[in-house]
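# Examining the three-dimensional arrangement
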Amino acid sequence: MLYYLPLESYKERYTMQWSAPTTGWLERNWIKAGVPYHRIDAENTPVQNTIQSGCVLDATGRSMYCFSQMTKLLQMLKTGQIGSDDVIYFDDFWHPGIEALPYAFHLLNVHPKTYAFLHAQSVDEFDFTHPMRKWMRHFEKGIGEVLTGIFVCGPFLQRLVVDGGIAPIDKVHVTGHPFCSEEVKERMTLPVWERDREDNVVFSSRWDSEKNPKFFLQVAETVVERRPYTRFIICTSAPKLRSNDPSNLDALHQSCEKYPDNIILMENLTKEKYYAELQYAKIQMNTASQDFVAITLLESSVAGCYPVYPFFRSFPETLRYDRDYMYQHLNLESAAEKVMNILDRDDLWTRESIESRAWIHERFDSAWERQLKVMRNEPIDDPYEVSA
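Here is a short report on the structure shown in this document. Predicted, not measured: the structure shown is a model, and the values here were computed from it.

Under the defined criterion, the tally for this structure stands at 21 aromatic pairs. With a centroid separation of 5.7 Å and an interplanar angle of 40 degrees, the aromatic rings of Tyr274 and Tyr275 are classed as tilted. By relative accessible area, Tyr274 is classed as buried at 4%. Pairwise contacts between aromatic rings join Tyr4, Trp30, Tyr37, Tyr89, Tyr115 and Phe151 into one cluster.

Written as structure tokens, this is what we have:
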């Protein structure tokens, strides 16, 4: 039996989709494949639709949710419901309370396999947790010892995990990030090739410093000065756009005031509304320094957008080192020229062209299968293999 401890669901984050009961990107595939599993949710812990304090997950709500899940899990171990032939899977490597498992396993003489998906780590100089690394590294290395295996999205993060001393390479498996293009398509009202594309560039990363939002605004203003009919749309599902640096918000408001018809903020979007914006847009742009596999990239490729990303760190491997999709990292002229050149090519939004980019998300549709194969000690394919 597979015992699953999902992330808590937030409307403004992707956990509402990948961790939703029965319909989430993992569970819907497990159900179709007949995989026996048991979901362990928190008890008497309200699920917030918005993050009250924090960047990615709520600063206190996250721990409360995880400790409640761990209470249930430990009770199941104590009563013998979970045995050595079972598997425990955590949606997130950073799961408070997971350090209690080896003690329980030892005293109860039960040894189920344990796996977790690692999204990022504090050794990464661009991650928002980096300033907390002095104490976080001890936790990360300890959890690396506890787990049977660790899933990561790509080779770049695998190298960071191994070089950071979290776990040896034979414990760190490149599976790709769980995704389900089928679920994304179900939220779209028209096939992507039936939309009339507008000269819109969508940006939907967090408005935090590691995503370089000020650089995005520089690109937007540069393009608008040369191409006044272009629109840059900042999208968020949060009620209000937030940032870990207030100056990022100040810069946005100044740009919106300067170019009210060209730089537009759209807040509190439903997924359906956001996907509609993607279907009308030509480009999905990313300017991040840290973004191992941007789910925004996968969604926008389903919606038919053309991805524009920096040639930096994990992005080249995600896009098969194809420079047609990338510009020089934090190089204003390179990024602006890339955006304008792509906007001027009408051939990029035909049905044939859109379908030719399906490989971007199709590799991640099967991430759940790779994870299961690792749990079963079966060989997996390389989702990042580059064609000759």
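The discussion continues.
Our focus in this paragraph is the packing of helix 3 (residues 61–78) against helix 4 (residues 101–108). Where helix 3 meets helix 4, the closest approach of the two axes is 11 Å, and the angle between their N-to-C directions is 10 degrees. Judged on the interaxial angle alone, helix 4 and helix 3 are roughly parallel. Touching Met70, Leu73, Leu74, Leu77 and Lys78 of helix 3 are Leu101, Ala104, Phe105 and Leu108, all from helix 4. Counted by class, the contact of helix 3 with helix 4 contains eight nonpolar, no polar and one charged residues.

Glancing now at the sheet that holds strand 7 (residues 200–203). The strands making up a sheet are joined through hydrogen bonds of the backbone, oriented either antiparallel or parallel. What the six strands build is an open sheet, ordered 9-8-7-10-11-12; its pairing is parallel. With one partner strand each, in any of the chains shown, strand 9 (263–266) and strand 12 (326–328) form the two edges of the open sheet. Ignoring which end each strand starts from, the neighbouring axes of this sheet average 30 degrees apart. Taken together, the three bridges between strand 11 (residues 306–311) and strand 12 define a ladder with parallel strand orientation. Counterpart to Pro310 in the pairing with strand 12 is Tyr327. Seen against the sheet, helix 10 (residues 271–280) touches strand 7, strand 8 (231–235), strand 9 and strand 10 (283–285) and runs at an angle of roughly 140 degrees to strand 7.

Take the sheet that holds strand 5 (residues 149–152) next. Pairing is parallel in the open sheet, where six strands are placed in the order 2-1-3-4-5-6. Only two strands of the sheet have a single partner each, and these edge strands are strand 2 (37–39) and strand 6 (172–174). The average undirected angle you get between the axes of adjacent strands in this sheet is 25 degrees. Of the pairings in the sheet, the one linking strand 5 to strand 6 comprises three bridges and is parallel in character. Its bridge partner lying in strand 6, Phe151 is registered against His173. Taken strand by strand, helix 16 (residues 367–375) contacts strand 1 (2–5), strand 3 (87–90), strand 4 (113–117), strand 5 and strand 6, and its axis lies near 155 degrees from that of strand 4.

Of all six residues in strand 11, five are buried; the element is thus mostly enclosed. One crossover worth recording links strand 10 to the parallel strand 11 by way of helix 11 (residues 295–303), and it is right-handed.

A few words on the side chain of Arg62. Position of Arg62 relative to the elements: it lies in helix 3. A polar side-chain atom of Arg62 sits 3.0 Å from a polar atom in the side chain of Glu8.

Following the criterion strictly, the structure yields 27 salt bridges and no others. Across the salt bridge formed by Arg39 and Asp41, the nearest N and O atoms sit 2.7 Å from each other. Taking the relative accessible area as the measure of exposure, Arg39 reaches 17% and is therefore buried. In this structure, Asp124 and Arg313 form a salt bridge, with 2.8 Å as the shortest nitrogen-oxygen distance. With a gap of 189 residues between them, Asp124 in the loop between strand 4 and helix 5 (133–146) and Arg313 in the loop between strand 11 and helix 12 (315–318) connect regions that are remote in the sequence. Counted as one network, the salt bridges with shared partners bring together Asp199, Arg227, Lys282, Asp344 and Asp346.

Parameters at a glance
Residues numbered from 1 in each chain as written. Predicted model: local features only at pLDDT ≥ 70, side-chain atom pairs only at ≥ 80, totals over all residues. Heavy atoms only, no water. Phe/Tyr/Trp six-rings, centres within 6.5 Å; stacked < 30°, edge-to-face > 60°. Buried < 20%, exposed > 50% of the residue type's maximum accessible area, 1.4 Å probe, protein only. Axes fitted to C-alpha atoms, helices over the stretch in contact; angles between N-to-C directions. Helix = DSSP H or I, 4+ residues; strand = E, 2+ residues; numbered from the N terminus. Parallel < 35°, antiparallel > 145°, perpendicular 65-115°, else oblique. Contact = heavy atoms within 4.5 Å. Nonpolar A, V, L, I, M, F, W, Y, C, P; charged D, E, K, R; others polar. Pairing = 2+ DSSP bridges. Right-handed = clockwise from strand over helix to strand, strands pointing away. Polar contact = N/O pair within 3.5 Å; in protein donor to acceptor, adjacent residues only side chain to side chain. Salt bridge = Lys/Arg side-chain N within 4 Å of Asp/Glu carboxyl O.

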